[in-house]
Every structure is written in C-alpha cells, then in structure tokens.
Amino acid sequence: MSVYEGKIYAGTAEKSGANAVYRLMCWNDTIWTKVSTLNGPINALCAFKGSLYAGGKFTMADTTRVKFMARWNDTTWNAVGRNVSNNVRAIAVYHNKLYIGGQFSEVLWWNGRNWETAMGKTTQFKEYVKSFCIYNDELYACGEFSYLSKWNTQDWDESGSMNDAASVVAVYNSQLYMGGDFISVSDKNYANHIASYDVLSKTWSCLGGVFYSAGDCKPYSGTVWALAEYKGYLYIGGQFMVAGGKLMNNIARLKVPEKN
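Residues numbered from 1 in each chain as written. Predicted model: local features only at pLDDT ≥ 70, side-chain atom pairs only at ≥ 80, totals over all residues. Heavy atoms only, no water.

Trainee: What exactly am I supposed to notice about the overall build of the chain here?
Mentor: Helices and strands together make up the secondary structure of the chain, namely 0 helices and 28 strands. In terms of C-alpha radius of gyration, the chain reaches 19 Å, essentially the compact-globule figure of 18 Å for 260 residues. When the backbone C-alpha atoms are referred to their principal axes, the chain occupies close to 50 × 45 × 35 Å. Considering the chain as a whole, with its 260 residues, one finds that 46% of them fall into the buried category. For the chain, the accessible area works out to roughly 13300 Å², and carbon and sulfur atoms hold 47% of it. (Helix = DSSP H or I, 4+ residues; strand = E, 2+ residues; numbered from the N terminus. Rg over C-alpha atoms; globule rule 2.2 N^0.38 Å. Buried < 20%, exposed > 50% of the residue type's maximum accessible area, 1.4 Å probe, protein only. Areas by Shrake-Rupley, 256 points an atom, 1.4 Å probe, with all protein chains shown as cover.)

Trainee: Whenever I open this one, the state of the cysteines confuses me. Can you help?
Mentor: A disulfide bridge is the covalent bond that connects two cysteines by way of their sulfur atoms. Evaluation of the coordinates by the stated rule reveals 0 disulfides. Looking at the unpaired Cys26, the closest cysteine sulfur is the one in Cys46, lying at 16 Å. (Disulfide = S-S within 2.5 Å.)

Trainee: Looking at this model, I keep getting lost on the sheet that holds strand β6 (residues 51-56). Mind explaining?
Mentor: Within the open sheet, the 4 strands sit side by side as β5-β6-β9-β10. Their pairing is antiparallel. Single-partner strands in this sheet number two, and they are β5 (42-48) and β10 (77-79). Recorded for the sheet is a direction-independent mean angle of 30 degrees between the axes of neighbouring strands. (Pairing = 2+ DSSP bridges. Axes fitted to C-alpha atoms, helices over the stretch in contact; angles between N-to-C directions.)

In structure tokens, the structure reads:
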C-alpha cells in the first residue's frame with residue numbers, strides 16, 4: 001500500500017474462477033474502489049514527484065504496455081522505461097531518486113528517461129532484493145541473500161549476517177528490524193525469523209521468534225513477510241501460529257521500550 005494525493009492505494013488480487021484478477025484499488029474513507037486492472041500482481045507502490053509508481057510482475061496496466069514498472073498520474077498509466085528485466089519487488093525514494101529492486105541481480109534508479117544501475121564495481125547481490133528501508137539517511141536492503149546491505153552511494157556494504165533470506169527490513173524505536181526465513185543471525189542462534197540490528201554496535205538482538213506449529217515449534221516452519229510501526233508498536237505479519245511463545249494467527253504486535 002501507499003498514500004498518494006491524500007488517499008490510500010493498494011495492489012490486490014482476487015480469484016475469478018481458475019484465474020486471479022489483479023487490481024489497483026483506492027480507499028475513499030468508506031469503501032475500496034477499483035482504479036484499474038493489470039495482468040499481474042503489484043508488489044510495491046510508491047508516490048514520487050506527483051505520480052504513483054507501481055512495481056510488480058505485470059506487462060499490461062489497463063490497455064498500456066509496460067514492463068514490470070508503471071506510473072499512474074491519477075488518470076492514466078505510463079510505462080517507466082523498458083530495461084527492467086523481471087518482477088519488481090521493492091521501491092524506495094532516496095536522495096530524491098527512485099530506486100527499485102526485484103528478481104534481477106542489481107538495484108536500479110530512474111534518471112527520468114532510463115533505468116541506471118545502482119551497483120558498485122565490487123558488489124553483486126547473489127540473489128534479488130525484496131525490501132528497502134531508509135535509516136539515518138542511509139539506504140538499506142534485504143532479500144534472497146543472507147545479509148543486510150547498506151548503500152554508501154558508491155557501493156553496497158554488508159552490515160549484518162543471517163543464515164537465510166530476509167523478506168523485510170523496517171525502522172522501529174530507532175533500530176532496524178528484519179523478518180524473513182532466517183532462524184539465526186551472526187552469533188545469535190535462535191532468532192527464528194525476526195531480530196533487531198544495532199547499526200552502531202553492529203550487534204543483533206533476538207525477540208522471541210515466530211513459529212508455524214504450536215505443537216513442535218520447528219524453527220524452519222514459519223516466516224515473517226511484513227513489518228510496520230504503528231502507534232508505538234511493531235506490527236508483524238507472516239505465516240506463523242506462535243509469536244514470542246504466545247498463540248497468534250499470522251499477525252502480532254510487539255512493544256519494545258526505546259533505548260536511552
């Protein structure tokens with residue numbers, strides 16, 4: 001979801017027989033209304049310079065031919081370049097530039113006419129980016145690789161390691177939080193899909209973890225897909241039945257005191 005022109009927009013999927021119907025929807029404070037239909041899912045939305053940018057696995061937005069990225073101007077869709085090669089999973093605005101990541105081995109930024117690489121000469125992601133986060137005026141990324149990565153405007157630096165992929169990175173209480181498929185982080189053995197990272201000390205903290213099964217609590221049988229701060233809580237969404245030792249159902253919230 002994203003806020004654009006004072007309204008909330010969302011990418012949705014609905015079943016219609018054997019085929020899914022993918023739409024951009026808008027909330028008018030009473031009901032959701034259909035804005036347009038695409039031929040694939042929207043994975044990321046971001047307002048930038050008076051337009052709403054959508055990224056995903058689609059090649060048509062209504063009747064407009066696009067290539068995994070499209071720009072909505074409140075009336076019509078426009079293509080955003082032609083050199084994005086695959087599914088877009090993440091969008092961020094950093095230093096007044098639009099960045100995207102997805103199922104391709106680099107991060108790209110939009111120069112107004114074409115997409116350019118935002119990769120240094122020494123770093124190549126082993127897999128693709130799934131989430132961006134801006135913290136202390138720095139751009140962080142995580143994805144289908146086993147570390148947290150930070151953009152220094154010239155190259156990407158590894159900032160923390162996990163034993164498996166991460167789906168999301170977010171800011172809460174002046175700390176970075178990550179969720180995903182990993183069960184351990186650096187020297188911490190039992191993170192179980194969610195942990196916080198202190199940038200200054202370069203250390204991880206575990207939060208109790210999430211599990212899918214309340215019976216055996218196998219660490220690999222759960223995951224975190226989404227994180228968001230709201231009214232002093234960190235909201236956690238994913239596929240799990242236990243969070244912090246308590247029975248939950250795919251969504252939970254966590255209260256962590258701010259550090260002095």
